[in-house]
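# Architecture at a glance
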Amino acid sequence: SIMIKAIIIEDEHQAREALQKMLRLVAPNVQITGTADSLIPAKELLEQANFDLVFLDIQLKDGTAFDLLVALQRLPKTLIFTTAHSEYAIQAFKVHAIDYLLKPINPQELLLAVNRAVKQAQDQVHLEKLLSEQLTSQVDHKIILKTNRAQHIVKTSQIIRLQAEGAYTTFITSEKSIFVSKN
């Protein structure tokens, strides 16, 4: 089984310990790589991005999980909420949480949530692989770029970048630059 790096964001010491103990029992492949109990350390932990899975309590010492998520550049892909409050479930699903576990946490539900997170991560890897295979197989698509003077047929695989300038765009290809009057 693959090792899963997880972080726990939870303001109650006992709840943190209990979750770690329960994970050791039901999901020994989950390795806790960090914990935090308030917004700033939690934000720092989430921005280091050395994790596959986040266990997130909703009520933290100095705010809520949602205050934390709003402060991030991008949402972690795999969030499992752990909370004593059922009224945040809808907000949790809006941030695409994998699961919403109510305290006291049921070990069986915890295991199901971890398995769902693993499956989602594997699906994601599979999807990225499929997409990159599709992109490489479509490498020789051609597009026609019209300039004031001519029409250029360009292989999409030769396009390095596009530079926007107001109502115009410059296509920089491996062969030349083409100035097009389209935004």
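Note that the coordinates shown come from a computational prediction; the quantities given were computed from them, not determined experimentally.

Further remarks concern the overall build of the protein. The secondary structure content of the protein amounts to five helices and 12 strands. Relative to a compact globule of 183 residues, whose C-alpha radius of gyration would be 16 Å, the protein shows 23 Å and is clearly more extended. On the principal axes, the C-alpha backbone points of the protein span a range of 75 × 35 × 25 Å. The buried share among the 183 residues of the protein stands at 38%. Counting only carbon and sulfur atoms, one obtains 53% of the accessible surface of the protein, whose full area is about 11700 Å². Distance between charge centres in the protein, computed from 20 positive and 20 negative side chains, equals 12 Å.

Turning to helix 2 (residues 39-48), a few remarks are in order. Owing to its 3.6 residues per turn, the α-helix aligns residues three or four sequence positions apart on the same side. Among the residues of helix 2, Leu 39, Ala 42, Leu 45 and Leu 46 are the ones counted as buried. Along helix 2, the residues classed as buried sweep out an arc of 130 degrees about the axis, all on the same side. Facing away from the buried side of helix 2 by over 90 degrees, the exposed positions are Ile 40 and Gln 48. Where the residues of helix 2 are buried, they touch strand 1 (4-9), strand 2 (30-36), strand 3 (53-57), strand 4 (59-60), strand 5 (63-64) and helix 3 (65-70).

Another point: the sheet that holds strand 3. Ordered by their spatial adjacency, five strands build an open sheet running 2-1-3-6-7, and the pairing between neighbours is parallel. The two strands at the open ends of the sheet, each matched to only one other strand, are strand 2 and strand 7 (99-102). With direction set aside, neighbouring strand axes in the sheet form an average angle of 20 degrees. Of the strand pairs in this sheet, strand 6 (residues 79-83) and strand 7 are connected by four bridges, and their pairing is parallel. Bridging across to strand 7, Thr 82 finds its partner in Leu 101.

Strand order in the open sheet made by the three strands is 10-11-12, with antiparallel pairing throughout. Whereas interior strands pair on both sides, the edge strands pair on one side only; in this sheet they are strand 10 (159-165) and strand 12 (177-180). This sheet shows a mean twist of 20 degrees between the axes of neighbouring strands, independent of strand direction. In terms of strand pairing, strand 10 meets strand 11 (residues 168-173) through six bridges, oriented antiparallel.

What follows covers the side chain of Asp 57. Of note, Asp 57 is situated in strand 3. For Asp 57, a relative accessible area of 3% gives the class buried. For Asp 57, the contacting residues outside a window of four places in its chain are Ile 9, Glu 10, Asp 11, Ala 65, Thr 82, Thr 83 and Lys 103.

Burial runs high along strand 3: five of the five residues are buried. Burial of the side chains of strand 3 extends over both faces: Leu 53, Phe 55 and Asp 57 are buried on one face and Val 54 and Leu 56 on the other. In this structure, strand 1 lies alongside strand 3, joined through four bridges in parallel fashion. Bridge pairing in strand 3 places Ile 9 opposite Leu 56. Pairing between strand 3 and strand 6: four bridges, direction parallel. Residue pairing for strand 6: Val 54 is matched across the bridge by Leu 79.

Procedures and definitions
Residues numbered from 1 in each chain as written. Predicted model: local features only at pLDDT ≥ 70, side-chain atom pairs only at ≥ 80, totals over all residues. Heavy atoms only, no water. Helix = DSSP H or I, 4+ residues; strand = E, 2+ residues; numbered from the N terminus. Rg over C-alpha atoms; globule rule 2.2 N^0.38 Å. Buried < 20%, exposed > 50% of the residue type's maximum accessible area, 1.4 Å probe, protein only. Areas by Shrake-Rupley, 256 points an atom, 1.4 Å probe, with all protein chains shown as cover. Lys, Arg positive; Asp, Glu negative; His and termini not counted. Charge placed at Lys NZ, Arg CZ, Asp CG, Glu CD. Arc of directions from axis to C-beta. Contact = heavy atoms within 4.5 Å. Pairing = 2+ DSSP bridges. Axes fitted to C-alpha atoms, helices over the stretch in contact; angles between N-to-C directions.

Any link to function would need more than the numbers given here.
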